[in-house]
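# Structural description and commentary
Chain by chain, the residues run as shown.
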Amino acid sequence: MVLTQAQLEQFDRDGYLFFPNHFSAEEIKKLTDEVPHLYAQQRPENVREKGTNAVRTNFAAHMYSEPYARLARHPRMIKPVEQVFGESLYMHQFKINVKQAFDGDVWQWHQDYGTWLNDDEMPEPRAMNIAIFLDEVNEFNGPLMFIPGSHKLGVLDAGHDLTTTSYPLWTIDNDSITKLVGRGGIVAPKGPAGSMIMFHSCLVHASSSNLSPWNRVSVYLSLCAVSNHIRRFKRAGYIAHRDFAPITC
Ligand code: SIN
Ligand code: MN
C-alpha cells in the first residue's frame, strides 16, 4: 500500500489516518483465535486490570505467537510507515489491549512519545502507532479518542500517573486537555474488526472504560525509524524492545 499525497497531507494536518476494513475477516480470525491462549498464560507480559484478573495489555506476542509474528512484519502497515519516515523500521513496542466487556478500564489522556522520551530516551518522535481492531469498535466499548492536530504541539507537560490504572503512564492534566479540545475537538474512529488506524506518536489520545457487553480487543504496533532507536534501557525489554534490526516484510 502506498499513501497518496492527499493522505500524507491529511496525516500531517490531523495526526492520524483511518483505514476501515483493512484486514479480512479470515485474517482477523487467525489473530483472535490466538488471544485466549495468550491471556491464559501466567507471564509478566500479561498486565492485569487493577483489582480484577482481566488482562489489560499483553506485550510482545510477536515474540512467542506465530500469527502475531507474521502480523508484525506485514507490508500493509510496514510499507506506509516506511514511506512516511523514509527509512527502515524496528518494533519499539507491540501490544494487544483487551478492554474486556464490563471490566476494561480507562487509558488516561497522554501522548505516547512523552513516555518514549522520558522513559526510553527515544531521540525524536519518529515512531508511528498502528492500531488494528480485532473486534468491532463502537461508541460503547471504549473507542480510542484523538484530539486532531494536537501532534503539532510537540511534547506537552505530563505527570507520571502510577495510581489510576494498573499501568504507569505519563498523563496530561485536565486543564491542558480542556484547552486542546477547545482548539481541535475530539474524534473517535469506529468501525468493523479489521479496521486500522495510523497515528502520530505526539497525537494526544485516551479511551474511556468499557461498560458494554462487547470486548474491544485491539493490537498496537509502535514502529520506530531504525536511526531513532531508544538510548536508555530502563523499562523491561518486552515493553521497550532492544532489537533494532530492520523489519523485513
Ligand atoms: C494506548 O494509548 O496505548 C492504548 C489506548 C487504548 O487501547 O485505548
Ligand atoms: Mn497510547
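In what follows, the structure referred to is the one given above.
With that settled, the discussion passes to the site of ligand 1. Lining the immediate surroundings of ligand 1 are Lys95, Asn97, Trp107, His110, Leu144, His205, Ser207, Arg216 and Tyr220. In this structure, an oxygen atom belonging to ligand 1 sits 3.3 Å away from a side-chain N or O atom of Lys95. Side-chain polar atom of Ser207 to an oxygen atom of ligand 1: 2.6 Å apart, as the coordinates give it. Protein contact buries 98% of the 260 Å² of open area that ligand 1 shows by itself. A molecule is said to occupy a pocket when more than half its atoms come within 2 Å of that pocket's grid points, and by this definition ligand 1 occupies the largest cavity. At the level of elements, strand E4 (89-97), strand E5 (107-110) and strand E11 (205-207) are the ones that each hand at least two residues to the shell around ligand 1. In terms of residue class, the shell around ligand 1 is built from three nonpolar, four polar and two charged.

Our next topic: the coordination of the manganese ion (ligand 2). Protein coordination at the manganese ion (ligand 2): the donors are His110 (NE2), Asp112 (OD) and His205 (NE2), at 2.1 to 2.2 Å from the metal. Sequence spacing of the donor residues for the manganese ion (ligand 2), all on one chain, is H-x1-D-x92-H. Exposure class is identical for His110 and Asp112. Each is buried.

An order of E1-E10-E6-E12-E4-E3-E2 is seen for the seven strands of this open sheet, with the pairing classed as antiparallel. Two strands in the sheet have a free side with no partner beyond their single neighbour: strand E1 (16-19) and strand E2 (46-48). Within the sheet, the average angular offset between the axes of one strand and its neighbour, ignoring direction, is 20°. Here E1 runs beside strand E10 (residues 196-200); their pairing, made up of four bridges, is antiparallel. Counterpart to Phe18 in the pairing with E10 is Ile197. Across the sheet, helix H1 (residues 5-14) is in contact with E1, strand E6 (127-133) and E10; its angle to E1 comes to roughly 125°.

Enumeration over the complete set of coordinates arrives at three cavities of 30 Å³ or more. The calculated volume of the largest cavity comes to roughly 190 Å³. Every residue lining the largest cavity is counted, 15 residues in all, and those nearest its centre are Lys95, Trp107, His110, Asp112 and His205. Elements with a contribution of two residues or more to the lining of the largest cavity: E4, E5 and helix H6 (112-120). Volume-wise, the second largest cavity comes out at about 50 Å³. Taken together, Ala131, Phe133, Val137, Leu144, Pro189, Ile197, Arg216, Ser218 and Tyr220 make up the lining of the second largest cavity. Those elements giving two or more residues to the lining of the second largest cavity turn out to be E6 and strand E12 (218-225). For the lining of the second largest cavity, the class distribution of residues is seven nonpolar, one polar and one charged.

Once that is clear, we can look at unusual backbone geometry. Phi is positive for Asn21, close to 55°, though the residue is something other than glycine. On the basis of relative accessibility, which here comes to 53%, the residue Asn21 falls in the exposed class. Although it is not a glycine, Ala60 adopts a positive phi angle of roughly 60°. Tracing the backbone through its elements, the reader meets Ala60 in the loop between strand E3 (55-59) and helix H4 (66-71).

We now examine the state of the cysteines. Under the criterion given, the structure shown has zero disulfides. Here Cys202 stays unpaired: no disulfide links it, and the sulfur of Cys224, its closest cysteine neighbor, is 12 Å away. With no disulfide of its own, Cys249 lies 16 Å from the sulfur of Cys224, the closest cysteine sulfur. For Cys249, a relative accessible area of 44% translates into the label partly exposed.

What counts, and where the lines are drawn
Residues numbered from 1 in each chain as written. Chains lettered and ligands numbered in written order. Predicted model: local features only at pLDDT ≥ 70, side-chain atom pairs only at ≥ 80, totals over all residues. Heavy atoms only, no water. Near = heavy atom within 4 Å. Polar contact = N/O pair within 3.5 Å; in protein donor to acceptor, adjacent residues only side chain to side chain. Areas by Shrake-Rupley, 256 points an atom, 1.4 Å probe, with all protein chains shown as cover. 1 Å grid on protein atoms, 1.4 Å probe; cavity = no way out; pocket = protein on both sides within 12 Å on 5 of 7 lines; lining within 4 Å. Sits in = over half its atoms within 2 Å of the grid points. Helix = DSSP H or I, 4+ residues; strand = E, 2+ residues; numbered from the N terminus. Nonpolar A, V, L, I, M, F, W, Y, C, P; charged D, E, K, R; others polar. Donors = N, O, S within 2.8 Å, 3.2 Å for Na, K, Ca; no water. Buried < 20%, exposed > 50% of the residue type's maximum accessible area, 1.4 Å probe, protein only. Pairing = 2+ DSSP bridges. Axes fitted to C-alpha atoms, helices over the stretch in contact; angles between N-to-C directions. Contact = heavy atoms within 4.5 Å. Points joined across faces, edges and corners; volume = space filled by probe spheres on them. Disulfide = S-S within 2.5 Å.

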